[in-house]
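What follows is the residue order along each chain.
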Amino acid sequence: MTEEMSAKLEKLAELQKKLYAFKYATSSIYLDSATVAPKDTEEGRGEALGILTEYMFDLSTKPETIELLEYLKEHSEELTAHQKREVELLLRDNEFKKTIPAEEYIEFQRILSKAEAVWHEAKLNNDYEAFKPYLKDIFEYNIRFAKYYKPDQEPYNTQLDMFERGLTMEKCDKFFETLREHIVPLIKKIMATGKNEKLPKLTGFAIEKQKQLTEYLMDFMSIDPNHCVCGETEHPFTLEFTKDDVRITTHYHEDNFESSMYSVIHEGGHALYELGGADEHKYTVVAGGVSMGIHESQSRFFENIIGRSEAFITAVLPKIKEIFPEQYGDITPRLAYEIINRAEPSLIRTEADELTYCLHVMIRYEIEKKMFAGEITVDDIPAEWNRLYKEYLGVDVPSDEEGCLQDSHWSGGAVGYFPSYALGSAYGAQMLAKMREDIDVEAAIASGSLKPIADWLKDKIHQHACMYDPEELFLMVCGAPFDPTYYVEYLEKKFSDLYGV
Ligand code: ZN
């Protein structure tokens with residue numbers, strides 16, 4: 001290697017370490033704001049975040065950085081596969097950023113730093129009008145940025161592609177259409193059985209006891225407590241500093257222990273993905289999950305395919321009985337499985353059952369698509385939201401708090417994110433079919449530890465971090481392109497059996 005090359009590679013490593021440090025700092029600020037920071041303190045954080053964002057933006061877009069990356073790209077035959085990928089990902093990020101005027105990017109970050117608090121207050125007060133101007137800005141900035149980035153492409157396609165490379169409206173429409181065709185009639189059949197009314201409604205789960213269950217579940221999932229802990233926030237999330245330091249959060253409800261139980265398993269799935277990365281990715285841009293769709297495939301795989309399976313519920317029931325003898329003392333494994341998988345149309349996405357969940361996502365997708373196409377404005381969102389809930393789920397939305405103000409995503413600037421939840425769920429069903437060729441999934445669950453399952457996923461997916469694009473990775477794991485029929489068949493089989501329809 002020439003001296004010049006080795007100096008350039010040193011610079012490449014240095015650049016990524018600096019970006020890592022900025023990400024660490026902004027993540028710490030976010031974690032603080034979501035956990036212990038007092039209510040009226042967002043101003044100071046906004047100032048600090050604005051400045052850090054400016055530095056990060058400058059660092060990744062300044063001529064010296066571009067020159068370095070272009071040089072390395074031209075000499076790519078001298079690079080390792082890993083270094084090549086680092087350069088590719090940095091250039092890709094740069095391609096987007098360099099099209100956006102720096103002051104607009106920074107202004108958008110400032111708006112976002114306020115939007116979250118405004119949304120929060122608006123949701124508490126059921127006051128859509130208070131949040132509306134922010135939502136308008138967030139959609140407008142996203143649309144404008146998408147147009148700057150890919151002027152010849154439909155902006156919503158650009159947006160989808162940013163969260164899940166390769167995803168388009170055409171693919172989403174086809175996928176959602178397949179789901180709707182099968183799920184809507186199945187829900188109608190289920191509701192006609194009247195079985196839900198016969199399932200017991202259990203309440204009064206002390207929060208201190210629920211915390212014991214959290215610890216048990218994390219251990220069952222083989223999450224190392226020396227590298228991952230669970231905190232409490234209004235909305236559960238996962239945040240990673242490095243593969244050795246991952247945080248998850250949950251929210252406890254006295255009358256619904258399943259809400260926290262499944263948040264812990266969901267976020268635990270995200271955590272296992274982050275914890276499972278190979279050491280070589282550390283402090284580089286290759287570290288971490290590759291896309292939102294693949295990330296959600298891991299979280300929703302553990303939450304639903306494993307966590308809501310009869311085998312898993314049977315395996316954890318003795319512990320649930322021990323912690324909640326009053327409520328669960330007399331419940332059989334089959335009845336617990338039926339209670340936990342109660343499927344019915346509802347208002348809140350995060351509390352939705354596995355079967356109806358994707359319809360909630362579809363509604364958000366339809367609204368985002370129409371906003372990007374200019375077919376509706378922020379003035380129309382509440383009415384459009386309520387109309388689609390009636391059409392797809394047959395429910396009346398009583399307030400914006402339980403309607404279009406329920407999710408935090410838009411206030412965080414994440415427009416185009418929602419489809420990855422449904423897509424991730426569907427990826428998981430196809431991954432399960434592949435996993436079954438190698439391991440006995442039910443036996444692993446019954447053994448009292450999900451380690452064999454987590455190890456399989458680590459080997460096939462987690463260890464690679466961002467080395468491969470999602471479509472390529474999926475093909476490597478499943479040996480075939482994504483096919484939604486695996487998911488539809490999985491849902492039909494599970495819920496036909498549960499409800500005898
Ligand atoms: Zn998630």
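Below: a short report on this structure. (Residues numbered from 1 in each chain as written. Predicted model: local features only at pLDDT ≥ 70, side-chain atom pairs only at ≥ 80, totals over all residues. Heavy atoms only, no water.)

### What to know about the state of the cysteines
Part 1 of the reasoning: Overall, the coordinates contain zero disulfides when judged by the stated rule.
Part 2 of the reasoning: Free of any disulfide, Cys 228 has its nearest neighbouring cysteine sulfur in Cys 230, separated by 7.6 Å.
Part 3 of the reasoning: Here Cys 228 falls in the buried class, since its relative accessible area comes to 3%. (Disulfide = S-S within 2.5 Å. Buried < 20%, exposed > 50% of the residue type's maximum accessible area, 1.4 Å probe, protein only.)

### Structural notes on the packing of aromatic side chains
Part 1 of the reasoning: Summed over the entire model, instances satisfying the criterion amount to 36 aromatic pairs.
Part 2 of the reasoning: Judged by centre distance (5.1 Å) and plane angle (50°), the ring pair of Tyr 156 and Phe 372 falls under tilted. One end of the pair, Tyr 156, is in helix α7 (residues 155–163); the other, Phe 372, is in helix α16 (residues 357–373), and 216 residues separate them in sequence. Each member of the pair, Tyr 156 as well as Phe 372, is classed as buried.
Part 3 of the reasoning: Measuring from centroid to centroid gives 6.4 Å for Tyr 487 and Tyr 490, while their planes differ by 15°, and the two rings are stacked. Remark: Tyr 490 and Tyr 487 occur in helix α22 (residues 485–499); sequence separation between them is three residues, near one turn of the helix.
Part 4 of the reasoning: Sitting above the plane of the Tyr 71 ring, Lys 8 keeps its charged end 4.8 Å from the centroid.
Part 5 of the reasoning: Its end group placed over the ring of Tyr 421, Arg 349 keeps NZ or CZ at 4.8 Å from the ring centre. (Phe/Tyr/Trp six-rings, centres within 6.5 Å; stacked < 30°, edge-to-face > 60°. Helix = DSSP H or I, 4+ residues; strand = E, 2+ residues; numbered from the N terminus. Lys NZ or Arg CZ within 6 Å of the ring centre and 35° of its normal.)

### Some points on the packing of helix α2 (residues 42–61) against helix α5 (residues 102–124)
Part 1 of the reasoning: Where α2 meets α5, the closest approach of the two axes is 9 Å, and the angle between their N-to-C directions is 150°. Taken together, the axes of α2 and α5 are roughly antiparallel relative to one another. In the crossing of α2 with α5, the sense of the turn from one axis to the other is right-handed. Contacts between α2 and α5 involve Glu 42, Gly 46, Glu 47, Gly 50, Thr 53, Glu 54 and Phe 57 on the former and, on the latter, Ala 102, Tyr 105, Ile 106, Gln 109, Arg 110, Ser 113 and Ala 117.
Part 2 of the reasoning: When its residues are assigned to classes, the contact of α2 with α5 shows five nonpolar, five polar and four charged. (Axes fitted to C-alpha atoms, helices over the stretch in contact; angles between N-to-C directions. Parallel < 35°, antiparallel > 145°, perpendicular 65-115°, else oblique. Left-handed = near helix turned anticlockwise from the far one by under 90°. Contact = heavy atoms within 4.5 Å. Nonpolar A, V, L, I, M, F, W, Y, C, P; charged D, E, K, R; others polar.)

### Concerning the side chain of Arg 85
Part 1 of the reasoning: For Arg 85, the position within the fold is in helix α4 (residues 81–98).
Part 2 of the reasoning: Judged by its relative accessible area of 5%, Arg 85 falls in the buried class.
Part 3 of the reasoning: Of the polar contacts made by the side chain of Arg 85, one reaches the backbone oxygen of Cys 466; its length is 2.6 Å.
Part 4 of the reasoning: Once residues within four sequence positions are removed from consideration, Arg 85 is found in contact with Arg 92, Val 286, Cys 466, Met 467, Tyr 468 and Asp 469. (Polar contact = N/O pair within 3.5 Å; in protein donor to acceptor, adjacent residues only side chain to side chain.)

### Quick look at the coordination of the zinc ion
A metal bound by six donors in octahedral fashion has ideal angles of 90 or 180 degrees, whereas one bound by four tetrahedral donors has an ideal angle of 109.5 degrees.
Part 1 of the reasoning: Within the protein, the atoms that donate to the zinc ion are His 266 (NE2), His 270 (NE2) and Glu 296 (OE), at distances of 2.1 to 2.3 Å.
Part 2 of the reasoning: Considered as a linear motif, the donors of the zinc ion on their single chain read H-x3-H-x25-E. Taken together, the positions of His 270 in helix α11 (residues 257–275) and Glu 296 in helix α12 (residues 292–306) put the pair 26 residues apart, joining distant regions of the chain. (Donors = N, O, S within 2.8 Å, 3.2 Å for Na, K, Ca; no water.)

### Focus on the nonpolar core
Part 1 of the reasoning: Ranked by internal contacts, the top residues of the largest apolar core, which has 135 residues, are Met 261, Phe 312, Tyr 328, Ile 381 and Ile 453.
Part 2 of the reasoning: Summarising the domain contributions, this core has at least three residues from each of domain 1 (3–152) and domain 2 (169–499).
Part 3 of the reasoning: Residues in contact with Tyr 328, not counting those within four places in the same chain, are Leu 202, Phe 205, Phe 257, Glu 258, Leu 317, Ile 320, Lys 321, Ala 336, Ile 339 and Ile 340.
Part 4 of the reasoning: Listed in part, the 17 residues of the second largest apolar core include Met 5, Ile 29, Leu 52 and Leu 68. (Core = buried A, V, L, I, M, F, W, Y, C linked by side-chain atoms within 4.5 Å. Domains from an automatic or database assignment.)

Everything listed here is a matter of geometry and, on its own, says nothing about what the molecule does.
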